[in-house]
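So you can see what is in the structure, the chains are spelled out below.
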Amino acid sequence: MSPTNSYLLDEVLQWSQETCCQELKTVLPKLTCLHNNSETWDDHIRILKIITDMFLPHIGLSELESECFSKILPKTVTMFESMIKEITDQVGELSSQNTELHALLRSILQALMQVIDALSNCVRHVGSLDETPDLDAIHSLPTCVLKVLRETFQHCKDSEVVYCGRLSLVADLLQGLFKEAYSLQKALLDLIDRMSFDKIASEEQISDIVAVIHSLLDICSIISNLDIAMHANTWKFLIKQSLKYQSLVEEHLHHGDISGSLCDNLLSAFHSCVELAEQITQAGLQETPQSPEYKVFQKTAKMCRFFANTLVHYIKEFKCFLTKYCGIFHKLYLQIISKFPPSLCAPALPTVLSEELNAAALVPLDAFLLQLLPLRPFVEVVLQQDLRLSPEQALSQCLLLVNVMVQLANQPEEVLQLWYTGSQFSEDTPRLPLYQAILTSFRRCYTERAVPVLLPGVMLKGQPQVQVTLHHHVCVQLCVSVAVLPAVYFPVLERCLIEALLQADTETALLAADVWCFTARYGTAELCLHHVLLIAQLVKLCTAECYQSLHLGMLLKRMIFLMTPNHQMELIARFPPSEVENLAVWNHVLLRALSKDTRHRVEKEIISLTEKVVTDWQNGGFKLGKVDKVNAVLVSLLAVLHGQQSPEEQGVLSAVSSITQLWLRMNPDQLLSHAVLQATLQSLLSLSAILVKNIEPQVICQALLCLDAVVCQRCDDKLLLAALEFLSSLGKIFIPPDNQSHILPRLSSLFGNLLAGRTWLLHQHALEAFSYFAENTNHEEVISQSLFVEDTKSKVVNYLSKTVNAPEEVELRLRRLRQESQVLEEQNEKLESNDEDFPDQPTAEVSADSEPCLKRPRQETSTEEEYSRYMETAESALKALCALTECQTNTLTPAWLESRLLELQSLITNISRNRQRHVS
């Protein structure tokens, strides 16, 4: 600085306030010019202090901006930034031995505080004026002050990195710098808060307040980890100003940045709460609320609640500007709810900490969701058809959808239509109806259903609240929703339920069936009839073994209980059980659900049809191509016998007669090559288990002979389960001594093979069947002879003694369940990919390699095929006859048997002679 300028400054410092006021017009321009042209920080700060301390009090409000602030503050900010940069550049060489650099850095920090003090004088002066100025009257002041504050807070935040372990050398000055900046910000915000704009504000005024809000947003991102109270107060002011001038600034604000920052702060505070709660729990400090850790947890929880409530309030006021950010809100909701029970990712916390965490984050989420419900983009995000979620988010999505459904009860019609109907037009963003989305998300919760996770149940009057499974929780809420659902949405509900029934996951189908049954009970009897007829028609379209048939049959079985007697008779009229093609429907009906007259009619028609089909099959030459009809009537006959607590004598006699005929036609050799006969065997085993006390020993012998042929082979699990059912039922009867040598050894051998089952499910059923047999049988030698393998014997002993295996570790179990979930989902998707055409084009059950083709017309047959067919029939009959003679003594065989055998032998001799003659 030149001597002349230095002299001027020295002279001014000697002036009184009166002199400063008198010389203001003359000296102030010189000082501002010197300030802008100053080359050193010391000169700059010296001039700045003179202006703000001595001349600023005498400048009128109308001249503050034009004569002072606009001329000195921009250069002040530039100088401040250069000093911060100098510290950053020089601090690498700082050490306690480098006293010169140490002193330099401390002097720069002190200079920074002087600058902040000068700016504080400016803010205090403006605040002391009798008239509160408009923001454009002090345009440069808030802009420059906020820039300085940002640089200061950023430097303090980065101090540990910047000073690299040498922080202790300047910690006192940094602390003082932060306090000065804190005071400056508080004074500036108080000043701005006192200002107010008319509804008709200038573009410059609007631009200024928007700039202030955005600058404060930047500062919030910096101070989030520096001071909790300051952070909260800055956010409060930011939101307050946004709402104060809402009509002026709403189109100019960066709503995405503001709402995104609120989401980030909320999530950060929430995760900190969860971590602190876990640490307190592990340290056992939850019982000492005065501990420092507990107090920090409470402060963090308070911040979490503050950000949650602030976000809700901001969305409420600016929701029309936030539609582009609904994906962020959806993700936020899932992230928070995933840390609360029943999520498998949620930490186990004591009640006190859990309740505080609930109040801080979970309770505000309801209000958060309520604000988002009317937003179409939020609906589209939540209900999008191809929503990709991690397995850990499946439960959170399911609970979100259930909460949406609960809150829809009080929403207007246009909101209901958004959620319930799904996308209506091709140009719409594809979205699922809410009910379909709930059922789909429930399906994805494989692991949570298997654990199972538990949720608070509905509190009933006079009963304590209990924990319920996810299935129970979702089912109850769905039924509550259906109870208040406007009638116009019932077609959508029915479509969603039928789609859930026709997909592959059984528990999801069960949930849909539960809701459908509630709907039927809640509605009229005519509606129930309509649903039953629809389901029955779909069952009839299904192939016998497909999963859709099982799911629909499960619902049909339950719906029959809800029908009136007259409507049950109408079901008979529409699907007469006397026709084979309708038996698929009646196979799924529990006959005890029917009225007495209806039940007797159904039983009579099915038994009569069974007799007719079996007789026709016998009279037709036992054609393999007709076995499918026999199988159909056997399944229905089984349903009849299961539905009777004490079967009528006439029905038992008829059933025994039919199955005896069929047993005698079963050929063990054919069972291995024809899957259709294995289905027959399965039904015969189940029927024989019910009628075991009425079956002759030779029939039992034939059954064991057939079983012996298939058990050692790779046959269907359902056949083996039926075999176990039959074998266990033999414990209820006494085998005559003459038949024991043929029956008991085979029985022991079969039990031994089945107890060594290849899967845990079959093994478990084998243990149960063997245990039942052992408890009831008089033939105790079978028990010991069945346990010829030591490993099998030890497993049976452990089962009978109720030995409990070591419990699986929680983490290992969850890992196993997640792996199983992936396998199950892949299998379900494979099943569904093979049934895309259901029910319009139902696929046929029988394939070329599972069952012989039907008999061809005569003109297409060949001589060789005829020989083969007749030989198979003859072999089958002779083997069955041989089995009978092995099971009986000579005294029990018919007297005419010998003469008939001689006739057969003569026929065989003639056939052989004829063949030799043709060959020669």
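### Notes on the overall build of the protein chain
Step number 1: The helix and strand inventory of the protein chain stands at 42 helices and two strands.
Step number 2: At 44 Å, the protein chain has a C-alpha radius of gyration far larger than the 29 Å of a compact globule built from 920 residues.
Step number 3: In the protein chain, which comprises 920 residues, the share counted as buried stands at 47%.
Step number 4: Residue pairs in contact within the protein chain that sit at least 24 positions apart in sequence constitute 76% of those at least 6 positions apart.

### Remarks on the packing of helix α3 (residues 24-37) against helix α4 (residues 41-55)
Step number 1: Closest axis-to-axis distance for the α3/α4 pair is 9 Å, and the angle between their directions is 155 degrees. Considering the angle they form, α3 stands roughly antiparallel to α4. Of the two possible hands of crossing, α3 and α4 adopt the one that is left-handed. Packed against α3, whose contacting residues are Leu24, Val27, Leu28, Leu31, Thr32, Leu34 and His35, the element α4 presents His44, Ile47, Leu48, Ile50, Ile51 and Phe55 at the interface.
Step number 2: In terms of residue class, the contact of α3 with α4 is built from ten nonpolar, three polar and no charged.

### Focus: empty space enclosed by the protein
Step number 1: Taken as a whole and assessed by the stated rule, the structure comprises three cavities of 30 Å³ or more.
Step number 2: Estimates place the volume of the largest cavity at around 60 Å³.
Step number 3: Around the largest cavity sit Val382, Leu383, Gln384, Gln385, Leu387, Gln397, Leu401, Leu432, Ala437, Thr440, Ser441 and Arg444, which together line it.
Step number 4: Residue assignment for the lining of the largest cavity shows that the elements contributing at least two residues are α18 (394-407) and α20 (434-444).
Step number 5: Per-element accounting of the lining of the largest cavity gives the leading share, four residues, to α20.
Step number 6: Residues that form the lining of the largest cavity fall into these classes: six nonpolar, five polar and one charged.

### Some words on the layout of surface pockets
The rolling of a water-molecule-sized probe over the atoms marks out the regions of remaining empty space.
Step number 1: The calculated volume of the second largest pocket comes to roughly 1,200 Å³.
Step number 2: Around the second largest pocket, the lining comprises 40 residues; the ones closest to its centre are Thr440, Arg443, Arg444, Glu825 and Glu829.
Step number 3: Elements represented by at least two residues in the lining of the second largest pocket include exactly α18, α20, α21 (446-450), α23 (490-501), α26 (547-559) and α40 (810-833).
Step number 4: Top element by residues in the lining of the second largest pocket is α40. It accounts for seven residues.

### Some words on the packing of aromatic side chains
Step number 1: In the structure shown here, the tally under the stated rule is 16 aromatic pairs.
Step number 2: Measuring from ring centre to ring centre gives 5.4 Å for tyrosine 420 and tyrosine 435, while their planes differ by 15 degrees; the resulting arrangement is stacked. With a gap of 15 residues between them, tyrosine 420 in helix α19 (residues 413-421) and tyrosine 435 in helix α20 connect regions that are remote in the sequence.
Step number 3: Residue class for tyrosine 420 comes out buried when judged on its relative accessible area of 4%.
Step number 4: The buried category is assigned to tyrosine 435, whose relative accessible area is 2%.

### Here we look at the nonpolar core
The tendency in soluble globular proteins is for nonpolar side chains to be buried as a group.
Step number 1: Within the largest apolar cluster, 291 residues are counted, with the highest numbers of intra-cluster contacts made by Phe55 and Trp419.
Step number 2: For this core, the element with the most residues is helix α6 (residues 99-128), which contributes 14 residues.
Step number 3: Leaving out residues up to four positions away in the same chain, phenylalanine 55 has contacts with Val12, Trp15, Cys20, Leu24, Val27, Leu28, Leu31 and Ile50.

### Details of the packing of helix α7 (residues 140-157) against helix α9 (residues 171-194)
Step number 1: Interaxial distance between α7 and α9 falls to 10 Å at its minimum, and their mutual angle equals 150 degrees. Between α7 and α9, the interaxial angle falls into the category roughly antiparallel. By crossing handedness, the relation of α7 to α9 is classed as left-handed. Contacts from Leu141, Pro142, Val145, Leu146, Leu149, Thr152, Phe153, His155 and Cys156 in α7 reach Leu174, Leu177, Phe178, Ala181, Tyr182, Leu184, Gln185, Leu188, Leu191 and Ile192 in α9.
Step number 2: Of the residues in the contact of α7 with α9, the class split is 16 nonpolar, three polar and no charged.

### Some thoughts on the side chain of histidine 473
Step number 1: For histidine 473, the position within the fold is in helix α22 (residues 470-483).
Step number 2: Here histidine 473 falls in the buried class, since its relative accessible area comes to 15%.
Step number 3: If we ignore the near neighbours within four places in the chain, the residues touching histidine 473 are Leu399, Val402, Leu455, Pro456 and Val468.

### Considerations on the pattern of salt bridges
Step number 1: According to the stated counting rule, one finds 23 salt bridges in the structure shown.
Step number 2: With a shortest N-O distance of 3.3 Å, glutamate 380 and arginine 376 are connected by a salt bridge. Remark: arginine 376 and glutamate 380 occur in helix α17 (residues 376-382); sequence separation between them is four residues, near one turn of the helix.
Step number 3: For glutamate 380, a relative accessible area of 17% puts it in the buried group.
Step number 4: The closest approach of N and O atoms between aspartate 514 and arginine 558, which form a salt bridge, is 2.7 Å. With aspartate 514 in helix α24 (residues 506-522) and arginine 558 in helix α26, this pair connects stretches of sequence that are 44 residues apart.
Step number 5: Linked by salt bridges that have partners in common, Lys49, Asp53 and Asp117 make up one network.

### Let's talk about a nonpolar patch on the surface
Step number 1: Together, Leu878, Leu901, Leu904 and Leu907 make up an exposed nonpolar region whose accessible area comes to about 330 Å².
Step number 2: Considering the arrangement of structural elements, one finds leucine 878 in helix α41 (residues 863-887).

### Observations concerning the state of the cysteines
Step number 1: Applying the stated criterion across every chain yields a total of zero disulfides.
Step number 2: Free of any disulfide, cysteine 20 has its nearest cysteine sulfur in cysteine 21, 8.7 Å distant.
Step number 3: Free cysteine cysteine 164: the closest other cysteine sulfur is in cysteine 156, separated by 16 Å.

### Some details on unusual backbone geometry
Step number 1: Between proline 341 and the following residue, proline 342, the backbone shows a cis peptide bond with an omega angle of 10 degrees.
Step number 2: Residue position: proline 342 is located in the loop between α15 (326-337) and α16 (351-372).
Step number 3: In this structure, proline 452 follows valine 451 across a cis peptide bond, with omega equal to -10 degrees.
Step number 4: Here proline 452 is to be found in the loop between α21 and β1 (454-456).

### Structural notes on the environment of threonine 447
Step number 1: Its location among the elements puts threonine 447 in helix α21.
Step number 2: Spatially, the C-alpha atom of threonine 447 lies 6.5 Å from that of serine 821, the residues being 374 residues apart in sequence.
Step number 3: Each residue touching threonine 447, except ones within four places of it in the same chain, is listed here: Leu344, Leu814, Leu817, Arg818 and Ser821.

### What to know about the environment of valine 627
Step number 1: As for its placement among the helices and strands, valine 627 is situated in helix α30 (residues 627-642).
Step number 2: Discounting chain neighbours no more than four positions away, the residues touching valine 627 are Trp617, Val676, Leu677 and Thr680.

### Looking at the side chain of glutamine 241
Step number 1: Secondary-structure assignment places glutamine 241 in helix α11 (residues 228-244).
Step number 2: What glutamine 241 contacts, discounting residues up to four positions off in sequence, is Ile192, Asp193, Ile209 and Ile213.

### Considering the confidence of the model for the protein chain
Step number 1: Across the protein chain, pLDDT averages 87, with 92% of residues at or above 70.
Step number 2: Throughout residues 839-862 the model reports pLDDT below 50, and contacts reaching past four residues in sequence, or to other chains, amount to 28 contacts.

### Examining α24
Step number 1: With 17 residues, α24 should cover 24 Å at 1.5 Å per step; its first-to-last C-alpha distance of 24 Å lies within 8% of that length.
Step number 2: Where α24 is buried, its residues contact α20, α21, α22, α23, α25 (525-541) and α26.

### As for the environment of alanine 766
Step number 1: The residue alanine 766 is located in helix α37 (residues 760-776) in this model.
Step number 2: Expressed as a C-alpha distance, the spacing of alanine 766 and arginine 443, which sit 323 residues apart in the sequence, is 31 Å.

So, how was this worked out
Residues numbered from 1 in each chain as written. Predicted model: local features only at pLDDT ≥ 70, side-chain atom pairs only at ≥ 80, totals over all residues. Heavy atoms only, no water. Helix = DSSP H or I, 4+ residues; strand = E, 2+ residues; numbered from the N terminus. Rg over C-alpha atoms; globule rule 2.2 N^0.38 Å. Buried < 20%, exposed > 50% of the residue type's maximum accessible area, 1.4 Å probe, protein only. Contact = heavy atoms within 4.5 Å. Axes fitted to C-alpha atoms, helices over the stretch in contact; angles between N-to-C directions. Parallel < 35°, antiparallel > 145°, perpendicular 65-115°, else oblique. Left-handed = near helix turned anticlockwise from the far one by under 90°. Nonpolar A, V, L, I, M, F, W, Y, C, P; charged D, E, K, R; others polar. 1 Å grid on protein atoms, 1.4 Å probe; cavity = no way out; pocket = protein on both sides within 12 Å on 5 of 7 lines; lining within 4 Å. Points joined across faces, edges and corners; volume = space filled by probe spheres on them. Phe/Tyr/Trp six-rings, centres within 6.5 Å; stacked < 30°, edge-to-face > 60°. Core = buried A, V, L, I, M, F, W, Y, C linked by side-chain atoms within 4.5 Å. Salt bridge = Lys/Arg side-chain N within 4 Å of Asp/Glu carboxyl O. Patch = residues over 30% accessible without salt bridge, like charges linked within 9 Å, V, L, I, M, F, W, Y side chains within 5 Å. Areas by Shrake-Rupley, 256 points an atom, 1.4 Å probe, with all protein chains shown as cover. Disulfide = S-S within 2.5 Å. pLDDT = per-residue confidence, 0-100. Expected span 1.5 Å × (residues − 1).

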